[in-house]
Amino acid sequence: MTHRISRVLAPVAALGALALVLTGCSSGSSSPASTSSTAVQKGGNVTVAISSDIGCIDPQQVGNNDDIAIARQTVASLTSQDPKTGAIKPWLATAWQINSNATSFTFDLRKGATFADGTPIDAAAVKANLAGIQALGAKASLGSSYLSGLKGVTVVDPQTVRIDFSAPSAQFLQATSTFSLGLVSTKSTTLSVADRCAGEYVGSGPFAVKSYTPNSSAVLSRVSSYDWAPPTESHTGAAYLSTVTYKVIPEAGTLTGALKSGQIDASPDVQTTDLPLFDGNGYTEINRANPGVTYNLIPNETNAVLKDQSVRVAIQKAIDRTDVAKLLTKYDKPATSVLSSSTPYFTSEASKLKADTKAARALLEADGWKVGSDGVREKDGQKLSFTVEYWQPSTEELELVQQEEKAIGVDLQLKFVTIAQWQSASASGSLDFLWGNLTRSDPDVLRTIFSTTGQNATHRAAPAAIDTLLADQASTTDTAQRQKLVTEAVEQLISSGEADPVYQLSTTIAASSTVHGLDFEGSSRLDLYNTWVSK
Amino acid sequence: MARYIVKRVLQGVFVLWAAYTLSFFILYSLPGNAATIAAAASGGLGAPPAALVHKLAVEYGFDKPLSVQYVDDLWKALRLNFGNSVQTGQSATSAVAQVLPHTIALAVLSLVVAVLGGLGLAIASTFPRARWLRQLIGALPSLGVSIPSFWLGLLLLQAFSFDIHWFPALGDDGISSLVLPTVALAIPTGGYIAQLLSRSLRITLEQPYIDQARAKGASETRVHFGHALRNAVIPSLTMVGVLIGNLLAGTVVTETVFSRTGIGRLIVQAVNARDLPEVQVVVIFAALVFVVSSLVVDLIYPLIDRRISLTGTAVTA
């Protein structure tokens, strides 16, 4: 269905994209309206629809996209990541020093910044926050993973804080820009898990929680004293909007209808098939590729057949990524690396990821895999037959991959399961392939997924050269050196067939044209600080 | 009478225990547990780190043997302590209590509309002289029952919210946000009531005593309301327990389509997250509603028909 629609709409989409370029609005991180000549109007409310809520909006605990869209607005972080360049810029910290092996980070804090209750954001507050995240432990799984190996936090003086790690942790600087390490007041760090989830915390961001009804709605109100916007924002001072209302709308049809009939103003959760409804005609769309690891098929090397590099590489070469991307929105692109194009240290490996069925067949032939009577290749009674269990709404994309694999004699069985089923299968290590992506705006995400000391997604039995590369990129603060290591790691993952990038996911926000200045921050999360509405 | 009530209360306690036990073991037998789900929720491509899963499992008490967990949980539940939600850390009882008023408002209003509508339709389908009109009205309940409430909800939204803006599409503030979900929920339930009632009305109207009443010169109105309805209503009353179950199940769909807070939405999310404490509170609540409503219905029978006695071994209608 999507396939047919996107084929029909392709010329229309191309024209739309052209129009955007011509009006100078193709930049993913600034909305078309923010470049218009209309003067900013202060005040007002924007109603944003999200499709789910797990009942927790504490920025230090949340991990799902929808709750992050709420939580992100309520906290400021030590640093800010520029969505255009991926560079780390000042926010609550005006400057920082990192030692050469990335084990010690010293931050100089901005003077005069306060939490929403007026208490100062000082070194002691930073220390209390990091201790609080460690105390939350498993409940703050993102934040505590960023803090793994934390040795100590030292209050040098009220305006200076030093954070020491027992092992190199180059990722930590980017981590300080995330909502997971966003700051809440010292008193808030001692609240119970439940109270923090319920939005009782006092934050440091441009908006504060006014009310929150789990699974229903949240209202944020502007913090008028907020005056520490990072240079990555387009203005300073307090936010423009008086309030932001979030509504939880689980049914996709209701969400689309509510946006179309003006009952909500914007949503990052409009279904792919409904997006063309919001392209022009009183609506605007902004889009940004999700940084991190692209949608990948990752083979499980404990499977005797998938342990064979020729098989893995043949499977990779059978995929035509351009064709798969045609099934997605006009914004989603074929993967050109294990990392998405919006990730810092990304380099295109497009030439290595070209479909080549001839080469794929030749690899399998040379390896002794002969086509059987059913068209599936076999060797020594073993068949090239695998199962891909998945829970993400990506059936059509996987079905196309399935057809492409069939053409070279590889049988992929697709099995759509619930996320809970998938997780238990994944935990038991029984999946032939992992299918998914992971958002993180730092190349260290590769270490998280592929290192034998991380999630070890390929189930590699013993550490290999790739582990060294991934460890080394985490211990260097030298940009050129880190780029070299990251590129090498990506190339190894591709050439060994341990990663099989297919397409890069992006986030699209559809909004009524009365909403201006909707932005994405560095991790492609919604940023409402510059947002305003025209009456 | 007192003995009967004691017996029924004991039966009710058994039903509650059985519901608790079944839901406990069903949720445990489903693939994936709350600890893995919570650990993986924060992102990752592969399995969440085993150490993290273990840490959460210890926090939730999943590391203990299943039998110990069951006895512990049951003992706590007896003292109305169902533990904290694994998703939010909030007390499961208060999480359910918070959303319950919304569901009750929707369910009660829908039941009232369904009963009035069903009754009206049933009478309308036996009342008119013209056969074609009776048949036409008689076909409506089947239509109401067979419309999927999901589709009906979206249809109502499209017509009355997105197109002509009479009612809000979402939320749960005030009466105007209750109108569409009430209609969506009342139509299938009202259809059931109308189906049952019109059938038993037709049968009753063919009874000799009705002919007798007619022969004595009673008007059709008097025949309907004075004689037939009282007898015809009893089989429908038996259905009330089932109808309340239908309504509770219907809220899952209705609350999702209309983005309403309530136990329907809560239970979907709790099952998805394997949030045992929240699931158990909702299950016990639903079982309690069943037990109480069927007891109340049984106590009402003798008030309607004095021939029905509660002292016998079984109550049939």
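Definitions and cut-offs
- Residues numbered from 1 in each chain as written.
- Chains lettered and ligands numbered in written order.
- Predicted model: local features only at pLDDT ≥ 70, side-chain atom pairs only at ≥ 80, totals over all residues.
- Heavy atoms only, no water.
- Contact = heavy atoms within 4.5 Å.
- Buried area = accessible area lost by both parts, 1.4 Å probe.
- Salt bridge = Lys/Arg side-chain N within 4 Å of Asp/Glu carboxyl O.
- Helix = DSSP H or I, 4+ residues; strand = E, 2+ residues; numbered from the N terminus.
- pLDDT = per-residue confidence, 0-100.
- Pairing = 2+ DSSP bridges.
- Axes fitted to C-alpha atoms, helices over the stretch in contact; angles between N-to-C directions.
- Buried < 20%, exposed > 50% of the residue type's maximum accessible area, 1.4 Å probe, protein only.

Between chain A and chain B, the residue contacts involve 43 residues of the former and 40 residues of the latter. Between chain A and chain B lies a buried interface of about 3400 Å² when both sides are counted; carbon and sulfur atoms form 60% of it. Joining chain A to chain B, the criterion identifies one salt bridge. A salt bridge links E59 of chain B to K139 of chain A; its shortest N-O distance comes to 2.6 Å. When residues of the side of chain A that touches chain B are traced back to their parent elements, those giving at least two are α4 (141–146), α6 (193–197), β10 (243–248), α7 (252–260), β13 (292–299), α12 (419–428) and β20 (433–439) of chain A. In terms of residue count, α12 of chain A provides more of the side of chain A that touches chain B than any other element does, seven residues in total.

With that settled, the discussion passes to the confidence of the model for chain A. Averaged over all residues, the pLDDT of chain A equals 90, while 93% of them reach at least 70. Across residues 1–37 of chain A, confidence stays below pLDDT 50; counting only partners more than four residues off in sequence or on other chains, it has 38 contacts.

Turning next to unusual backbone geometry. Positive phi, normally seen in glycine, also occurs at A102 of chain A, with a value near 60°. For A102 of chain A, the location among the structural elements is in the loop between β4 (93–98) and β5 (104–109). In the Ramachandran plot, L80 of chain B falls in the positive-phi region, its phi being about 60° despite a non-glycine side chain. In this structure, L80 of chain B sits in the loop between α4 (66–78) and α5 (92–126).

The subject of this paragraph is the sheet that holds strand β7 (residues 160–165) of chain A. Residue and element names in this part refer to chain A. Spatial strand order, β4-β5-β7-β6: four strands in an open sheet with antiparallel pairing. Each of the sheet's edge strands pairs with one partner strand only, and the pair in question is β4 and β6 (150–157). The average undirected angle you get between the axes of adjacent strands in this sheet is 20°. Two strands pair when backbone bridges link them, and β4 and β5 are joined in this way by five bridges, in the antiparallel orientation. Looking across to β5, one finds that A95 is bridged to D108. Contacts from helix α3 (residues 123–136) reach β5, β6 and β7 within the one sheet, and its direction differs from that of β6 by about 165°.

Our next topic: the confidence of the model for chain B. Scored by pLDDT, chain B has a mean of 85; 96% of the residues are at 70 or more. Here the prediction assigns the complex a pTM of 0.86, and the interface score ipTM is 0.84.

Moving on: the pairing of strand β12 (residues 283–289) of chain A. Extensive coverage of β12 of chain A is indicated by the burial of seven of its seven residues. By the alternation rule, side chains of β12 of chain A split into Y283, E285, N287 and A289 of chain A and T284, I286 and R288 of chain A, which are all buried.

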